[in-house]
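# Fold and contact review
If you want the building blocks of each chain, they are given just below.
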Amino acid sequence: MDWTHTLPLIVNNQIVGDLVAAGLGIDQPGMEAVLNSLHHSCTLLLERALESRSLAQETLERYREINLLYNIGETIGASLDPDEIPDLVIAEAARIIRAHGGVVLLLDKDKKLSVKSGFGSEAFVNTLSHAPLPLLKESLVSGEPEIWTADQLDASNTVVASILQAPLKARENILGFVLLGRDLRQPVFTADDEKLLTALASQAAISMENARLFADVKNQRDAIAAMNNYMDNIFASIASGVITTDTRDVITLMNCAAKRILKIPDQEKTTGRSYVEVMPELVEHIASMMDGVKLRDESIVDVEVEPVLSTRGAVVLRLSLSPLKDNREETNGIAIVVDDLTERRLLEAQARRIRQTFEQYVVPRVVDQLLSDPNSVRLGGLRREVTTL
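Small disclaimer: the values here were computed from a predicted structure and weren't measured. (Residues numbered from 1 in each chain as written. Predicted model: local features only at pLDDT ≥ 70, side-chain atom pairs only at ≥ 80, totals over all residues. Heavy atoms only, no water.)

### Topic: the overall build of the protein chain
Rule in force here: Put simply, DSSP H or I for four residues or longer makes a helix, DSSP E for two residues or longer makes a strand, and each gets a number counted from the N terminus. Relative accessible area decides the class of each residue, using a 1.4 Å probe on protein chains only: under 20% of the type maximum gives buried, over 50% gives exposed, and in between gives partly exposed. Throughout, a contact is declared for two residues whenever any of their heavy atoms are within 4.5 Å. Areas reported as accessible are Shrake-Rupley estimates using a 1.4 Å probe. Residue values count occlusion only from the protein chains shown.
Per the secondary structure count, the protein chain includes 10 helices and 14 strands. Here the protein chain holds 389 residues, and the buried ones make up 33% of them. Counted over contacts in the protein chain with a minimum sequence separation of 6, partners at least 24 positions apart contribute 49%. Approximately 24800 Å² of the protein chain is accessible, and the part contributed by carbon and sulfur atoms is 53%.

### Considering the pairing of strand 14 (residues 331-340)
Rules: Only strands joined by at least two bridges in the DSSP assignment are considered to pair.
Bridge count between strand 8 (residues 241-246) and strand 14: six bridges; the pairing is antiparallel. Paired with valine 242 across the bridge in strand 14 is valine 337. Pairing between strand 13 (residues 317-325) and strand 14: nine bridges, direction antiparallel. By the bridge assignment, leucine 317 is partnered in strand 14 with aspartate 340. The hairpin formed by strand 13 and strand 14 contains five residues between the paired strands, and glutamate 329 there has a positive phi angle of roughly 65 degrees.

### Quick word on the sheet that holds strand 14
The test is simple: Axis geometry follows a simple rule: fit a line to the C-alpha atoms, using only the stretch in contact for helices, then measure angles between N-to-C directions, giving values from 0 to 180 degrees.
Read from one edge of the open sheet, five strands run 9-8-14-13-10, paired in antiparallel fashion. The open sheet terminates on both sides in strands that have one partner only, identified here as strand 9 (251-254) and strand 10 (300-305). With strand direction ignored, the average angle separating the axes of adjacent strands in the sheet is 20 degrees. Set on the sheet, helix 8 (residues 283-296) makes contact with strand 8, strand 10, strand 13 and strand 14; between it and strand 13 the angle comes to about 30 degrees.

### Comments concerning helix 9 (residues 342-358)
Our working definition: Here, expected helix span is obtained from the residue count minus one, scaled by 1.5 Å. What the arc covers is the set of directions going from the helix axis to the C-beta atoms.
The end-to-end C-alpha distance of helix 9, which contains 17 residues, comes to 25 Å, matching closely the 24 Å that a straight helix rising 1.5 Å per residue would cover. Those residues of helix 9 not exposed but buried are Thr342, Ala349 and Ile354. Relative to the axis of helix 9, the buried residues are bounded by an arc of 140 degrees and lie together on one face.

### So, the pattern of salt bridges
How we decide: Salt bridges are defined by distance alone: a side-chain nitrogen of Lys or Arg within 4 Å of a carboxyl oxygen of Asp or Glu.
What the rule picks out here adds up to 16 salt bridges. The partner of arginine 318 in a salt bridge is aspartate 302, with the nearest N and O atoms 3.9 Å apart. Of the two residues, arginine 318 is situated in strand 13 and aspartate 302 in strand 10; the sequence distance between them amounts to 16 residues. For aspartate 302, a relative accessible area of 53% puts it in the exposed group. Across the salt bridge formed by aspartate 326 and arginine 328, the nearest N and O atoms sit 4.0 Å from each other.

### Quick notes on the sheet that holds strand 4 (residues 113-119)
Ordered by their spatial adjacency, five strands build an open sheet running 4-3-7-6-5, and the pairing between neighbours is antiparallel. With partners counted over all chains shown, the strands left at the sheet margins are strand 4 and strand 5 (146-149), one partner each. Shown here is a sheet whose adjacent strand axes are inclined to one another by a mean of 25 degrees, direction ignored. Judged from the six bridges that link them, strand 3 (residues 101-107) and strand 7 (residues 173-182) form a sheet pairing that is antiparallel. Each bridged residue has a counterpart across the sheet, and for glycine 102 the counterpart in strand 7 is leucine 180. Across the sheet, helix 2 (residues 85-96) lies against strand 3, strand 4 and strand 7, angled at about 50 degrees from strand 4, the strand it touches most. Across the sheet, helix 3 (residues 122-130) lies against strand 3, strand 4, strand 6 (162-170) and strand 7, angled at about 45 degrees from strand 3, the strand it touches most.

### Things to note about a negative patch on the surface
Filter applied, for reference: A patch is a set of surface residues, each over 30% in relative accessible area and not in a salt bridge, joined within 9 Å for like charges and within 5 Å for the nonpolar side chains Val, Leu, Ile, Met, Phe, Trp and Tyr. By the counting rule applied here, Lys and Arg register as positive and Asp and Glu as negative, while His and the ends of each chain are not counted. A charged residue contributes its charge at one atom only: NZ of Lys, CZ of Arg, CG of Asp or CD of Glu.
Together, Asp81, Asp83, Glu84 and Asp87 line one region of the surface with negative charge. A residue is classified by how much of its surface remains accessible, and aspartate 81, at 36% relative accessible area, is partly exposed.

### With respect to the environment of glutamate 122
In this structure, glutamate 122 sits in helix 3. Separated by 21 residues in sequence, glutamate 122 and glycine 101 place their C-alpha atoms 9.3 Å apart.

### Some remarks on unusual backbone geometry
Located in the positive-phi region is aspartate 297, a residue other than glycine, with phi close to 55 degrees. Tracing the sequence through the fold places aspartate 297 in the loop between helix 8 and strand 10. Phi angles above zero are rare outside glycine, and glutamate 329 is one such case at about 65 degrees. Secondary-structure assignment places glutamate 329 in the loop between strand 13 and strand 14.

### Here we look at helix 8
Between the first and last C-alpha of helix 8 there are 20 Å, a value that for 14 residues agrees with the 20 Å anticipated at 1.5 Å per step. Turning to helix 8, its buried residues are Ile286, Met289, Met290, Gly292 and Val293. For helix 8, the angular spread of the buried residues around the axis is 165 degrees, confining them to a single face. Turned more than 90 degrees from where helix 8 packs its buried face, Glu284, Ser288 and Leu295 sit exposed. On its buried side, helix 8 packs onto strand 8, helix 7 (275-278), strand 10, strand 13 and strand 14. Positive backbone phi, at 55 degrees, marks aspartate 297, one or two positions downstream of helix 8.

### Brief notes about the pairing of strand 13
Where strand 10 meets strand 13, four bridges bridge the pair, whose relative direction is antiparallel. Directly across from valine 305, in strand 13, lies its bridge partner leucine 317.

Below, the structure written as structure tokens:
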């Protein structure tokens, strides 16, 4: 059958088909207007169908990208090791974008770029990391991804045909770059490749920054733990008792010497409890001093008290109280230093008795000898052999 009427179907300036008509009555008056109306309707339907197909393809492509980026983020974001992330980044880049080689370059403390990970032959990776160095200096300023071809690279380059560059940028700070390279047998990178690598680099930069922050926090925690252990060892070795309380008079620290002086069992928990509960026999002696330190924000030193402890009996203690300051010089508690003078006072009393007793009968030198060794004093004296001339 010979088609007597043919009308091209044009969408977006491209011929996608023809509307053809033939048959009896095709030449009747008004038929041309009908065909033109039909042609217009078909064109509109085709335009809508093609738009729907394009939208569906774009939606599918976006879904694939989102799914891909989610998987990438899950893989890279799960690592908190700063040394492991570059390897994960370059592995993911090689998986999603076809390339002959690739490198991850990171800035060191001296703001110099160094290779942290890569794939491909040694010669290709070496060229890939050195050929674009002048261009990378410009990218450090712009912070934008780039596609470079061979004519933009170093003249000595003979193996790299094109380079795709994406900055590792976290909070406007450039940490380094991800570079992918293709040789002369491969096509130049596309805008879609650039978009994918940029998204990957953004995820990687965030993970790197998180890993660095985690490492800093861990180092600070370890340093604080080491300092706490060091301070605990110091407090444990101090002969004086050390007790600290917060603003609510709750004990925050009590060293071993304080427990020994007050005869508090080592296994008994003292921190987190009020000093009134832990040291009830001392309350009447130190309560007014605690209030004075809080009121005047000044130290009270070398005050002797003679409490009666239920576990030791009468004792002589020397107390010094000082405001406990933080790094902003704000008082957040009180430090109490306790020295046990009980034995010293007993020895002093014994010395006074010896001096009062014997200084009436013997010369001072003998009294001093007796005081230096009170245990030598006993009834009956001493029997010794002597030689006289």
